[in-house]
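Now for the letters of each chain:
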Amino acid sequence: MNELARPELIEKIAAWQSGQLSSEAMWNWALEQRAQCQPSDVAVRDTLDMLCAIPEDLLLPEDAEVMLDALANSQDEADLSANLLWNYADMIDQNARRQALISDPFYGPYCGS
C-alpha cells in the first residue's frame, strides 16, 4: 500500500483552495487516497478524514486554510493538529452553509433537512 505524505496532501489542498480543483474533484481524490494509501501520520489521517466528508460536512475551499495550518504543525504536535481540525469543524455554521449551497449541483443534495 502506498503512503500519503504531507507534501502531496498539502499540494492537493492548495490546489483546491486556489480553485484549480473543484470541491467534487478534491472529494473524489480524497476518497481514492483513503482506499489506496496509508496516511503517513495522524495529521494526514485526520485531514484526509475531513476531506472525505466534504459534501456531507459542507466543507469549502475557504476551510482549506485550517487544514494547511494543521499540517504545518510538527508530528510531535499531532494532538494540536487534531484539536484544530475537529474544533474548527464544530464551529462551522451548517445552517448558513445549507442555505447558501442548497442550489449548488454538488453540495445541494447534502443540504436537505
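Just above, that's the structure.
As a starting point, this report considers the structure included with it. In this text the structure is predicted, and so the values were computed from the model without any measurement.

### Quick notes on the nonpolar core
Burial of nonpolar side chains together is a common tendency in soluble globular proteins.
Here is step 1 of the chain: In this structure, Ile-13, Trp-16, Leu-51, Ile-54 and Met-67 are the most contacted members of the largest nonpolar core, which totals 34 residues.
Here is step 2 of the chain: Elements that contribute at least two residues to this core include exactly α1 (6–18), α2 (23–36), α3 (42–51), α5 (64–72) and α6 (78–91).
Here is step 3 of the chain: Setting aside residues up to four positions removed in sequence, Trp-16 forms contacts with Leu-21, Ser-22, Ser-23, Met-26, Leu-51, Ile-54, Leu-59, Leu-60, Pro-61, Ala-64 and Met-67.

### With respect to the side chain of Asn-73
Here is step 1 of the chain: With respect to the helices, strands and loops of the structure, Asn-73 is situated in the loop between α5 and α6.
Here is step 2 of the chain: Residue class for Asn-73 comes out buried when judged on its relative accessible area of 15%.
Here is step 3 of the chain: If sequence neighbours within four positions are ignored, Asn-73 has contacts with Arg-6, Leu-80 and Ser-81.

### So, the side chain of Arg-97
Here is step 1 of the chain: Along the chain, Arg-97 falls in helix α7 (residues 94–101).
Here is step 2 of the chain: Here the side chain of Arg-97 touches Glu-62 through a polar contact of 3.3 Å, side chain to side chain.
Here is step 3 of the chain: When sequence neighbours within four positions are dropped, the list of residues in contact with Arg-97 reads Leu-58, Leu-59, Leu-60, Glu-62, Asp-63, Tyr-88 and Ile-92.

### With respect to the packing of α1 against α5
Here is step 1 of the chain: Across the interface, α1 lies against α5 with an axial gap of 10 Å and an inter-helix angle of 160 degrees. Taken together, the axes of α1 and α5 are roughly antiparallel relative to one another. When the axes of α1 and α5 are compared, the crossing they make is left-handed. Across the interface between the two elements, Arg-6, Leu-9, Ile-10, Ile-13, Trp-16 and Gln-17 from α1 touch Ala-64, Glu-65, Met-67, Leu-68, Ala-70, Leu-71 and Ala-72 from α5.
Here is step 2 of the chain: Looking at the contact of α1 with α5 residue by residue, the classes come out as 10 nonpolar, one polar and two charged.

### What about α6?
Here is step 1 of the chain: The end-to-end C-alpha distance of α6 is 20 Å, a good match for the 20 Å that 14 residues give at a rise of 1.5 Å each.
Here is step 2 of the chain: Turning to α6, its buried residues are Ala-78, Ser-81, Ala-82, Leu-85 and Tyr-88. With its buried residues spanning 140 degrees around the axis, α6 presents them on a single face. In α6, the exposed residues that point more than 90 degrees away from the buried face are Asp-79, Asp-90 and Met-91.
Here is step 3 of the chain: Taken together, the buried residues of α6 touch α3, α5 and α7.

### Observations concerning the packing of α1 against α2
Here is step 1 of the chain: Across the interface, α1 lies against α2 with an axial gap of 9 Å and an inter-helix angle of 160 degrees. It follows from the interaxial angle that α1 and α2 lie roughly antiparallel. As for how α1 packs across α2, the hand of that crossing is left-handed. Contacts from Glu-8, Leu-9, Lys-12, Ile-13 and Trp-16 in α1 reach Ser-23, Met-26, Trp-29 and Gln-33 in α2.
Here is step 2 of the chain: Its residues placed into classes, the contact of α1 with α2 shows five nonpolar, two polar and two charged.

Basis of the calculations
- Residues numbered from 1 in each chain as written.
- Predicted model: local features only at pLDDT ≥ 70, side-chain atom pairs only at ≥ 80, totals over all residues.
- Heavy atoms only, no water.
- Core = buried A, V, L, I, M, F, W, Y, C linked by side-chain atoms within 4.5 Å.
- Buried < 20%, exposed > 50% of the residue type's maximum accessible area, 1.4 Å probe, protein only.
- Helix = DSSP H or I, 4+ residues; strand = E, 2+ residues; numbered from the N terminus.
- Contact = heavy atoms within 4.5 Å.
- Polar contact = N/O pair within 3.5 Å; in protein donor to acceptor, adjacent residues only side chain to side chain.
- Axes fitted to C-alpha atoms, helices over the stretch in contact; angles between N-to-C directions.
- Parallel < 35°, antiparallel > 145°, perpendicular 65-115°, else oblique.
- Left-handed = near helix turned anticlockwise from the far one by under 90°.
- Nonpolar A, V, L, I, M, F, W, Y, C, P; charged D, E, K, R; others polar.
- Expected span 1.5 Å × (residues − 1).
- Arc of directions from axis to C-beta.

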